[in-house]
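Structural characterization, general
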Amino acid sequence: LPPRPERQAEFELAEELARTCFEMYRRSATGLAPEAVVFDKKEGSDFEADRPNNMWYLLRPEAVESFFILHELTGDGKYRDWGHHIFEAIERSCYAPFGYGALPDVTRPDRKCCVGNDDKEPTFFMAETLKYLFLLQDPDHNISLDRFILSTEAHPFPRP
């Protein structure tokens with residue numbers, strides 16, 4: 001990409017946003033981030049889960065996708081560590097007999113996933129979330145961002 005004066009500031013902002021996303025995972029009782037948070041809601045807390053309707057963890061890929069891209073660009077191992085933390089939390093809280101499913105309340109480790117209508121695995125979980133988590137941990141993968149473009153479902157296509 002051609003150099004621009006704003007590029008470094010934009011990259012630093014991207015890293016700060018990724019850190020905030022990870023903190024949403026790290027600070028919850030289950031290690032999984034809620035669907036939505038509210039920032040600066042009360043004294044002594046910079047964010048908290050948006051109660052009561054957005055407490056779900058829906059297996060979304062966006063945070064781990066960001067960690068993968070930042071790891072590819074920087075080589076910083078913290079992004080691998082963050083991905084591993086999330087993978088372990090998914091295994092603990094979202095594993096079901098025939099796949100993975102949404103967790104209804106990330107603030108309550110005693111809540112079970114995959115209850116009633118929520119006993120389903122979204123297609124993006126395997127196509128994106130797990131793919132990015134795998135690529136983060138595989139030092140020998142050959143999906144270079146210099147050679148490939150990733151589609152919205154994380155499918156690699158050779159760059160023209």
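Here is a short report on the structure shown in this document. From a predicted model like this one, the values you see are computed outputs, not experimental measurements. (Residues numbered from 1 in each chain as written. Predicted model: local features only at pLDDT ≥ 70, side-chain atom pairs only at ≥ 80, totals over all residues. Heavy atoms only, no water.)

Let's shift gears to the overall build of the chain. If you tally the helices and strands in the chain, you get four helices and six strands. Here the chain has a C-alpha radius of gyration of 17 Å; the compact-globule value for 160 residues is 15 Å, and the two agree. When its C-alpha atoms are laid out on the principal axes, the chain stretches across 50 × 45 × 25 Å. For the chain, buried positions account for 37% of its 160 residues. Pairs at least 24 apart in sequence give 55% of the contacts found in the chain among residues at least 6 apart. A gap of 3 Å separates the mean positions of the 19 positive and 29 negative side-chain charges of the chain. (Helix = DSSP H or I, 4+ residues; strand = E, 2+ residues; numbered from the N terminus. Rg over C-alpha atoms; globule rule 2.2 N^0.38 Å. Buried < 20%, exposed > 50% of the residue type's maximum accessible area, 1.4 Å probe, protein only. Contact = heavy atoms within 4.5 Å. Lys, Arg positive; Asp, Glu negative; His and termini not counted. Charge placed at Lys NZ, Arg CZ, Asp CG, Glu CD.)

Here we take up the packing of helix α2 (residues 62-74) against helix α4 (residues 123-137). The contact between α2 and α4 brings their axes to 9 Å, and the two run at 30°. For the element pair α2 / α4, the angle class is roughly parallel. Here α2 runs over α4; the crossing is left-handed. Counting all contacts with α2, which are made through Val-64, Glu-65, Phe-67, Phe-68 and His-71, the residues of α4 involved are Thr-129, Tyr-132, Leu-133, Leu-135 and Leu-136. Its residues placed into classes, the contact of α2 with α4 shows seven nonpolar, two polar and one charged. (Axes fitted to C-alpha atoms, helices over the stretch in contact; angles between N-to-C directions. Parallel < 35°, antiparallel > 145°, perpendicular 65-115°, else oblique. Left-handed = near helix turned anticlockwise from the far one by under 90°. Nonpolar A, V, L, I, M, F, W, Y, C, P; charged D, E, K, R; others polar.)

Roughly 260 Å³ of volume is contained in the second largest pocket. Contributing to the lining of the second largest pocket are 15 residues, with Tyr-25, Ala-33, Pro-34, Glu-35 and Ala-63 lying nearest its centre. For the lining of the second largest pocket, the secondary structure elements donating two or more residues are α1 (7-26), β1 (37-39) and α2. By residue number, the principal contributor to the lining of the second largest pocket is α1, which donates three residues. Taken together, the residues that form the lining of the second largest pocket break down as 12 nonpolar, no polar and three charged. (1 Å grid on protein atoms, 1.4 Å probe; cavity = no way out; pocket = protein on both sides within 12 Å on 5 of 7 lines; lining within 4 Å. Points joined across faces, edges and corners; volume = space filled by probe spheres on them.)

This part is about the nonpolar core. Core analysis: the largest hydrophobic core is formed by 37 residues, its most contacted members being Leu-32, Tyr-57, Leu-59, Phe-67, Ile-90 and Cys-94. Broken down by secondary-structure element, the contributors of at least two residues to this core are α1, α2, α3 (78-94) and α4. Of all the elements, α4 adds the most residues to this core, at seven residues. Excluding anything up to four places from it in sequence, Leu-32 contacts Met-24, Tyr-25, Tyr-57, Ile-86, Ala-89, Ile-90, Ser-93, Cys-94, Leu-103 and Val-106. (Core = buried A, V, L, I, M, F, W, Y, C linked by side-chain atoms within 4.5 Å.)

This part covers α4. Residue pairs spaced three or four apart in an α-helix point in one direction, given the helix's 3.6 residues per turn. Between the first and last C-alpha of α4 there are 21 Å, a value that for 15 residues agrees with the 21 Å anticipated at 1.5 Å per step. Bending of α4 peaks at approximately 30° at the position of Lys-131. Taken together, the buried positions of α4 are Phe-124, Phe-125, Ala-127, Glu-128, Thr-129, Leu-130, Tyr-132, Leu-133, Leu-135 and Leu-136. Lining the buried residues of α4 we find α2, α3, β4 (99-100) and β5 (148-150). (Expected span 1.5 Å × (residues − 1). Bend = angle between axes of the 7 residues up to and from the residue.)

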